Amino acid sequence: DVDQKVMKFKDIIKIPAARASIGIFMTSCGIESICLVWGSSFLVEAKGLSADDAAGLITLYFLGLALGRFVSGLFANRFSSKQLIIAGEIILFAAVVLLFIPYGTATTVAGMFLIGFGNGPVFPNMTHLTPITFGKEVSQSIIGTQMAMAYVSILLLPIGFGQLAQHLGMELFSVVQAILFVATVICTFMMFRSVKK
């Protein structure tokens, strides 16, 4: 057993790689939570689907998320966590592009499925990387901080998005998902660069 060293939040955020990892948790969980809360409304208000169709089709997002985590687990012995995170983000890029295509239900639904599928590997593999990246002795403190900030994101980002969408329209969904995706990629790059240094 490894003796755990308790780190304060102010000490954790002084570590560049830790800040970046917290950013990944916050942005990727933001993508998930906004999809969860507002995905059906986006399909109805921005894409013109009926409420019944939207409610049925949004289940494909949940299927994608579950499948992404399942497939990530299957390939965990063949690929590193870093490779699985990067693969997930490549799939997320395709998903975001599909959301911006103005015509066709199929492309939108595929985009929603791929948001779940691409984002699925990020959370578990980031958690798995933490003790490897920062050391087992401080991993509990850092994981605790990552989880806390992820839940802050899950709580606040859908509320913030809802307020913006009231004024700017549900078309904002695609834009916000794109912004969060770009932020996730930037944080991922910063974390891996800091770890390499």
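This section reports on the structure supplied with the text. (Residues numbered from 1 in each chain as written. Predicted model: local features only at pLDDT ≥ 70, side-chain atom pairs only at ≥ 80, totals over all residues. Heavy atoms only, no water.)

### Some points on the overall build of the protein chain
Piece 1. Within the protein chain one finds 9 helices and 0 strands.
Piece 2. Moving toward the C terminus, one meets the helices and strands of the protein chain in the order α-α-α-α-α-α-α-α-α.
Piece 3. By the compact-globule yardstick of 16 Å for 197 residues, the protein chain fits well, its C-alpha radius of gyration being 17 Å.
Piece 4. Seen through its principal axes, the protein chain has C-alpha atoms that stretch 55 × 40 × 25 Å.
Piece 5. Element-wise, carbon and sulfur atoms account for 68% of the exposed surface of the protein chain, whose accessible area totals about 10200 Å².
Piece 6. Measuring between centres, the 13 positive side-chain charges of the protein chain sit 15 Å from its 10 negative side-chain charges. (Helix = DSSP H or I, 4+ residues; strand = E, 2+ residues; numbered from the N terminus. Rg over C-alpha atoms; globule rule 2.2 N^0.38 Å. Areas by Shrake-Rupley, 256 points an atom, 1.4 Å probe, with all protein chains shown as cover. Lys, Arg positive; Asp, Glu negative; His and termini not counted. Charge placed at Lys NZ, Arg CZ, Asp CG, Glu CD.)

### Focus on a nonpolar patch on the surface
Piece 1. On the surface, a nonpolar cluster with roughly 460 Å² of combined accessible area is contributed by Leu67, Phe70, Leu74, Phe75 and Phe79.
Piece 2. Note on placement: Phe75 falls in the loop between helix 4 (59-74) and helix 5 (81-100).
Piece 3. Classification of Phe75 by relative accessible area gives partly exposed; the value is 30%. (Patch = residues over 30% accessible without salt bridge, like charges linked within 9 Å, V, L, I, M, F, W, Y side chains within 5 Å. Salt bridge = Lys/Arg side-chain N within 4 Å of Asp/Glu carboxyl O. Buried < 20%, exposed > 50% of the residue type's maximum accessible area, 1.4 Å probe, protein only.)

### As for the side chain of Ser174
Piece 1. As for its position among the elements, Ser174 is in helix 9 (residues 172-196).
Piece 2. Once you skip the residues sitting within four places of it in the chain, Ser174 turns out to touch Phe42, Leu99 and Phe100. (Contact = heavy atoms within 4.5 Å.)

### Things to note about the packing of aromatic side chains
Piece 1. By the definition in use, this model includes 8 aromatic pairs.
Piece 2. On the numbers, 5.2 Å between centres and 80° between planes, the contact of Phe25 with Phe123 is edge-to-face. Of this pair, Phe25 sits in helix 2 (residues 16-45) while Phe123 sits in helix 7 (residues 122-134); the two residues are 98 residues apart in sequence, bridging distant segments of the chain.
Piece 3. For Phe25, a relative accessible area of 1% translates into the label buried. (Phe/Tyr/Trp six-rings, centres within 6.5 Å; stacked < 30°, edge-to-face > 60°.)

### Observations concerning the pattern of salt bridges
Piece 1. Applying the stated criterion to the full structure yields 2 salt bridges.
Piece 2. With a closest N to O distance of 3.9 Å, Asp11 and Lys14 form a salt bridge.
Piece 3. Overall, the relative accessible area of 59% leaves Lys14 in the exposed class.

### Focus on the state of the cysteines
Piece 1. Tallied over the full model, the rule gives 0 disulfides.
Piece 2. Lacking any disulfide linkage, Cys29 is separated from the closest cysteine sulfur, that of Cys187, by 12 Å.
Piece 3. Look at Cys187 and you get buried, because its relative accessible area is 16%. (Disulfide = S-S within 2.5 Å.)

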